[in-house]
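In case you want the letters, here they are:
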Number of protein chains: 4
Amino acid sequence: MSGNTFGTLFAVTNFGESHGPAIGCVIDGCPPGMELSEADIQPDLDRRKPGTSRHVTQRQEDDKVEILSGVYEGKTTGTPICLLIRNTDQRSKDYSEIGQKFRPGHADYSYLQKYGLRDPRGGGRSSARLTAPMVAAGAVAKKWLHRQHGTVFRGCMQQVGEVAIPFESWDHVPNNPFFAPVADVSELEAYMDSLRKAGDSCGARVRVTASHMPTGWASRCSTSSMPRSRTR
Amino acid sequence: MSGNTFGTLFAVTNFGESHGPAIGCVIDGCPPGMELSEADIQPDLDRRKPGTSRHVTQRQEDDKVEILSGVYEGKTTGTPICLLIRNTDQRSKDYSEIGQKFRPGHADYSYLQKYGLRDPRGGGRSSARLTAPMVAAGAVAKKWLHRQHGTVFRGCMQQVGEVAIPFESWDHVPNNPFFAPVADVSELEAYMDSLRKAGDSCGARVRVTASHMPTGWASRCSTSSMPRSRTR
Amino acid sequence: MSGNTFGTLFAVTNFGESHGPAIGCVIDGCPPGMELSEADIQPDLDRRKPGTSRHVTQRQEDDKVEILSGVYEGKTTGTPICLLIRNTDQRSKDYSEIGQKFRPGHADYSYLQKYGLRDPRGGGRSSARLTAPMVAAGAVAKKWLHRQHGTVFRGCMQQVGEVAIPFESWDHVPNNPFFAPVADVSELEAYMDSLRKAGDSCGARVRVTASHMPTGWASRCSTSSMPRSRTR
Amino acid sequence: MSGNTFGTLFAVTNFGESHGPAIGCVIDGCPPGMELSEADIQPDLDRRKPGTSRHVTQRQEDDKVEILSGVYEGKTTGTPICLLIRNTDQRSKDYSEIGQKFRPGHADYSYLQKYGLRDPRGGGRSSARLTAPMVAAGAVAKKWLHRQHGTVFRGCMQQVGEVAIPFESWDHVPNNPFFAPVADVSELEAYMDSLRKAGDSCGARVRVTASHMPTGWASRCSTSSMPRSRTR
């Protein structure tokens, strides 16, 4: 519908700002009857959470997810699933200086032009922190797809700034702070350290694969997409 | 989405104006594999079409529907179905006088306020003629629901202006110009004739029933609403 | 989109169950720059909340709303507004017996047929409690409409079961537990008491009016509906 | 909404198959009051149309567009704009042999898996021909954006298969069948001829730019996105 809702059959509406009280999402369309608890979602959030190495934001957040709706006696009910993550390290004072400036590459300028005001606290709504609700929603989708179709998703870093990363093995991905599929990440570490010292930043390229995908996904209509009564 | 699209899984987008070149609709989401031809739709359009009695608009239209897409070798393909009805009796001269006035109970005034302009030709987009594409889309939905679930829809007139109509039998509905479920419509005829002589109009109340409806319709998610591959 | 999201430009997604941890909604599309705090919403929730007379559910809830996002320094930012209401009186034990039965007029049977499972706790998602998030979202919409257009909404009870209620004055509405526009509600009280003694329930009819409405609302496109840059 | 509707405020629903009676689209959300005729759209369709060089499909189509709705006395009315393009060179016999095979890189296999049937006539709905309605809708959007904001769109070929194309000047783009921004396209011609002789095909990369874009586009809500009455 807008930049805040993604998907139609499995629709995720993202809400929250980097330094507001909480961030989260509402998933509408998750099929009923799937076992679901916070334990299914937390590992992916832990992998995403800040403060785990010197190469990411030093903000301290536990990113504990709470399922507020859509699950009864440990199973999804087919109704909207609200996932909530409280912000605990809001540190809004730290942004007092930056409140007077626009950071290059951030969306602050667009927000100010578009809405006539701006939330300078960590980028507000455009903060990378807002990927957390999408990671949480993705964990739910992944579980359903794996259970129903055996689908497996994998991701790794392919390039950081100027540094291309060869693909050695998926096995290396969890063993370094860059999610790089290589054993030796010393070049990446040096590159990132030099960037940080220079007060600079860079873009990156990731690789995502899905295997055991069912054929013919991604639109509304399919041979089984219309609800069907079970008793005639 | 807006006042022009109805439904989500079976979404109908209506287009056209009373006196433009054509009216029609696009159905997105009709399941594949159902036999469909113009002959499935035309009877409902014939029942709706103008000029069939002195109590309805005297405009002459055949309302011939043409299926432009979404059907291959006589069967729906699951892709968008465009239904087109050409306007043949455009008579726009007849509206030269009315172009200077607002008709009470018509949407002309709202359109002028909303869009800053107005199509005076028969009410333009707010004409009752724009029910024709919805009748056509309804015929497609009815066929699928009947084939899949045995669902049957019925409708009749329940009240015209001040005149309440008792329910005698569905059998009478096709036998009078008011779709009234009674054998004797002389009171209705007299009432309508007197209205017309007085240059007046009135509202009405209809009754619509659906039987053999599957349980639990009307939202996106159901036990079978997510596409499912047929081969794992 | 589905039965859980209402509206397009000002879209409200409702979530939660009667006896889950919380209920709430996400408003996407509220214009930026409007002053908004919990104090704008709480009065409408207080009017709706249970336990205020012997004629409504005896459940005890404060229905305190919390704004989780979309507001910065007391003003809306144009980003999604999440409103949360914690359930405090969950009393799920009280439903142990009813877990074995279907209540007539409740949606339990439909849910079971549709999703293959059922949340017996107070009707789960189909509980009247789920009107609270809509009341909260409505309070936000009302404030914006009043500020922008001077629009005023009023509502009152028009009929309870067999008892029609004459309209005397809007002034009476807040002075009785039925929101009836009459000074004397003794007949309504007697009727409701007799129903309750008989273990029965009834439907009702309400009247809602909006005055100072702008002309031509209710669809996507208007003379000013496309975003416009302020600097060329 | 689905793979057939694009956009929210300016929503385009695409319909039709390569060898059905017609292809087209419905634009819902085009602002009222803009001058619009077929002459605004036809040049872009002419640039896209088949049979203009030996490097594209040899199908003969005029791709004459017809505006069926949403325009009155030469101006958009704010209501849905249906654009229709009749298929004249349907040649379905030519596909009799291919009806027995799946072409690599075509969507036939996905369609068969998804919908349980297949339209072998030129790829049916997945034909490149279905870009024509998007080109037509794009012409309408481009006109409005240029009139309102001075926005200018440009596109050119950047790579064909293995052949990278340097950027020399936009001026060259209309002067060669590859829309390449170079004066000398002999290398591209030789590459394409060799591919065709080998019965092979390749992918390509295009470059699209938009200048004079208003700030802060691409979501639903903006300072002016809510309809506003002009008279209070």
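Residues numbered from 1 in each chain as written. Chains lettered and ligands numbered in written order. Predicted model: local features only at pLDDT ≥ 70, side-chain atom pairs only at ≥ 80, totals over all residues. Heavy atoms only, no water.

1. Considering the domain arrangement of chain A
Think of interface size as the accessible area that goes away when the parts come together; that is how it is often given.
Residues and elements named next belong to chain A.
Right, on to step 1. By the assigned domains, chain A splits into domain 1 (1–89 + 97–150) and domain 2 (151–215).
Right, on to step 2. Each of domain 1 and domain 2 has a C-alpha centre, and these two points are 22 Å apart.
Right, on to step 3. On the side of domain 2, 13 residues touch domain 1, which itself brings 9 residues to the contact.
Right, on to step 4. Taken together, the two surfaces of domain 1 and domain 2 that pack against each other cover about 980 Å², and 59% of this comes from carbon and sulfur.
Right, on to step 5. When residues of domain 1 are sorted by the area they lose upon contact with domain 2, R54, H55 and H149 head the list and together hold 50% of the total.
Right, on to step 6. Viewed at the interface, domain 2 and domain 1 are joined by 1 salt bridge.
Right, on to step 7. A salt bridge links R54 to D193, with the shortest nitrogen-to-oxygen separation between them at 2.8 Å.
Right, on to step 8. The biggest single contributor to the side of domain 1 that touches domain 2 is helix α3 (residues 131–149), with 4 residues. (Domains from an automatic or database assignment. Contact = heavy atoms within 4.5 Å. Buried area = accessible area lost by both parts, 1.4 Å probe. Salt bridge = Lys/Arg side-chain N within 4 Å of Asp/Glu carboxyl O. Helix = DSSP H or I, 4+ residues; strand = E, 2+ residues; numbered from the N terminus.)

2. A word on the interface of chain C and chain A
Right, on to step 1. Taken together, the contact pairs 44 residues of chain C with 45 residues of chain A.
Right, on to step 2. Regarding the contact of chain C and chain A, the summed buried area is about 3,300 Å², with carbon and sulfur atoms giving 60% of it.
Right, on to step 3. Across the chain C-chain A interface, the total number found is 2 salt bridges.
Right, on to step 4. In this structure, R86 of chain C and E66 of chain A form a salt bridge, with 2.9 Å as the shortest nitrogen-oxygen distance.
Right, on to step 5. Sorting the residues of the side of chain C that touches chain A by element identifies β2 (11–16), β3 (22–28), β4 (65–67), β5 (71–72), β7 (81–86) and α2 (108–115) of chain C as the ones contributing at least two each.
Right, on to step 6. In the side of chain C that touches chain A, the residues fall into 18 nonpolar, 17 polar and 9 charged. (Nonpolar A, V, L, I, M, F, W, Y, C, P; charged D, E, K, R; others polar.)

3. Focus on the packing of helix α1 (residues 38–48) of chain D against helix α3 (residues 131–149) of chain D
All names here are of chain D.
Right, on to step 1. Taken N-terminus to C-terminus, the directions of α1 and α3 make an angle of 140°; their axes are 9 Å apart at the nearest point. With respect to their mutual orientation, α1 and α3 come out oblique. The hand of the α1/α3 crossing is right-handed. Residue-level contacts link D40, I41, D44, L45, R47 and R48 of α1 to T131, A132, V135, A136, A139, V140, K142 and K143 of α3.
Right, on to step 2. Looking at the contact of α1 with α3 residue by residue, the classes come out as 7 nonpolar, 1 polar and 6 charged. (Axes fitted to C-alpha atoms, helices over the stretch in contact; angles between N-to-C directions. Parallel < 35°, antiparallel > 145°, perpendicular 65-115°, else oblique. Left-handed = near helix turned anticlockwise from the far one by under 90°.)

4. Some points on the pairing of strand β2 (residues 11–16) of chain D
All names here are of chain D.
Right, on to step 1. With respect to burial, β2 is a largely interior element, 6 of its 6 residues being buried.
Right, on to step 2. Taking every second residue as pointing to the same face, both faces of β2 are buried, with A11, T13 and F15 on one and V12, N14 and G16 on the other.
Right, on to step 3. Pairing of strand β1 (residues 5–6) with β2, which is carried by 2 bridges, proceeds in the antiparallel orientation. What sits directly across from T5, in β2, is T13.
Right, on to step 4. If you look at the hairpin formed by β1 and β2, you'll find 4 residues sitting between the two strands, and G7 has a positive phi there, around 95°.
Right, on to step 5. The sheet contact formed by β2 and strand β3 (residues 22–28) spans 6 bridges and is antiparallel. The partner of F15 across the bridge, within β3, is G24.
Right, on to step 6. Taking the residues between adjacent antiparallel strands as the criterion, β2 and β3 are bridged by 5 residues. (Buried < 20%, exposed > 50% of the residue type's maximum accessible area, 1.4 Å probe, protein only. Pairing = 2+ DSSP bridges.)

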